[in-house]
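Structure at a glance
The primary structure of each chain is shown beneath.
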Amino acid sequence: MSVDPDWLDRDAVTDRLRTAGCVFAEEEADLLLAQFTGPELELAVLDRMAGEPLEHILGWAEFAGLRIAVGPGVFVPRRRSVLLLEQALAHLPRHGVLVELCCGAGALAAAVAGGRADATVHASDIDERAVACARENLEPRGGQVHQGDMESGLPTALAGRVDVVVANAPYVPSGQIDLMPVDARDHEPLIALDGGPDGTRMQDRVVAAATRLLAPAGVVVVEASRTQAEATAARMLWRGFAAEIVTDDEVSGTCVVGRRSVR
Ligand SMILES: C[S@@+](CC[C@H](N)C(=O)[O-])C[C@H]1O[C@@H](n2cnc3c(N)ncnc32)[C@H](O)[C@@H]1O
């Protein structure tokens with residue numbers, strides 16, 4: 001494959017990305033130019049112009065200062081989920097046990113394991129491509145990854161012994177998936193996005209799993225959208241948790257923290 005060298009300089013790549021609608025064209029151009037050259041760079045730019053997520057092209061996403069491996073067909077960790085990480089860490093006791101359900105690439109679990117050598121960290125997802133990425137990200141940091149529907153793939157010995165269950169489960173209302181940006185809608189799997197009619201169906205399954213996994217003083221932390229957080233909190237209340245909505249405007253994050261009402 002022959003490549004016109006003028007096509008691949010920084011300005012040209014930036015222009016092409018901007019024309020294709022990339023808001024952060026300059027930053028994206030720098031990342032692509034740092035990783036690819038020649039025909040590979042040309043293909044990477046064409047893929048990006050066609051709407052493929054930058055992170056799938058690069059093969060990694062930045063999350064909480066870590067480089068997280070993320071392959072095609074796997075949900076790209078979002079910056080807003082740093083709030084979920086902060087809340088999970090705030091409630092994790094020394095030598096505590098944390099489980100990330102619906103872990104995708106396992107970014108949250110990897111960040112916990114990387115920063116808290118005292119903690120025992122497990123992560124689980126139903127999708128084998130996500131599980132493969134999570135293994136790459138979490139196992140070198142000392143955590144364990146499992147595959148299954150919700151908590152079904154976890155060691156049974158964890159039941160009733162977990163200090164923190166954390167999850168960014170799918171929470172887009174089914175009827176709003178068609179309105180999502182093309183990067184997500186066309187390149188992230190439906191199973192990673194679809195939260196049922198009001199977006200809280202999978203969150204409710206996480207909370208139900210938490211009732212089985214958590215130790216008596218354990219905490220469940222679930223990411224939500226700002227508009228649905230009240231409904232997510234209501235799901236938690238119904239399942240016996242005292243629920244608190246936490247927001248962070250800087251990262252546009254929202255999560256709901258559930259503590260068992262009886263402690
Ligand atoms: C929104 S993505 C979040 C991934 C990751 N937590 C993150 O924030 O980057 C939701 C994840 O839930 C997983 N998932 C969907 N249904 C599931 C189920 N029934 N059991 C376990 N995982 C599930 C998907 O495969 C996907 O990886």
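Refer to the structure above for everything that follows.
Bear in mind that the values here come from a model prediction, so they are computed numbers and not experimental data.

What counts, and where the lines are drawn
Residues numbered from 1 in each chain as written. Predicted model: local features only at pLDDT ≥ 70, side-chain atom pairs only at ≥ 80, totals over all residues. Heavy atoms only, no water. Axes fitted to C-alpha atoms, helices over the stretch in contact; angles between N-to-C directions. Helix = DSSP H or I, 4+ residues; strand = E, 2+ residues; numbered from the N terminus. Left-handed = near helix turned anticlockwise from the far one by under 90°. Contact = heavy atoms within 4.5 Å. Nonpolar A, V, L, I, M, F, W, Y, C, P; charged D, E, K, R; others polar. Buried < 20%, exposed > 50% of the residue type's maximum accessible area, 1.4 Å probe, protein only. Pairing = 2+ DSSP bridges. Right-handed = clockwise from strand over helix to strand, strands pointing away.

**Looking at the packing of helix α2 (residues 25–35) against helix α3 (residues 38–49)**
Between α2 and α3, the shortest axis-to-axis distance is 10 Å and the interhelical angle comes to 150°. Judged by the twist between their axes, the crossing of α2 over α3 is right-handed. Residue-level inspection shows Glu28, Leu32 and Leu33 of α2 in contact with α3, the latter providing Leu41, Ala44, Val45 and Arg48. Considering only residue class, the contact of α2 with α3 consists of 5 nonpolar, no polar and 2 charged.

**Some points on unusual backbone geometry**
Although it is not a glycine, His95 sits at a positive phi angle of roughly 60°. Along the polypeptide, His95 turns up in the loop between α5 (82–91) and β3 (97–101). For His95, a relative accessible area of 56% translates into the label exposed. For Met150, which is not glycine, the phi torsion reads 50° and is therefore positive. For Met150, the location among the structural elements is in the loop between β5 (144–147) and β6 (162–167). The exposure class assigned to Met150 is buried, which follows from its relative accessible area of 6%.

**Considering the pairing of β3**
Within β3, 5 of the 5 residues are buried, which leaves the element mostly enclosed by the surrounding structure. Along β3, one buried face is formed by Val97, Val99 and Leu101 and the opposite face, lined by Leu98 and Glu100, is buried too. Where β3 and strand β4 (residues 120–125) come together, 4 bridges link them in parallel fashion. The residue bridging Val97 from the neighbouring strand is Thr120, located in β4. In this fold, the crossover linking β3 to β4 by way of helix α6 (residues 107–115) has right-handed handedness. The sheet contact formed by β3 and β6 spans 4 bridges and is parallel. Its bridge partner lying in β6, Glu100 is registered against Val166.

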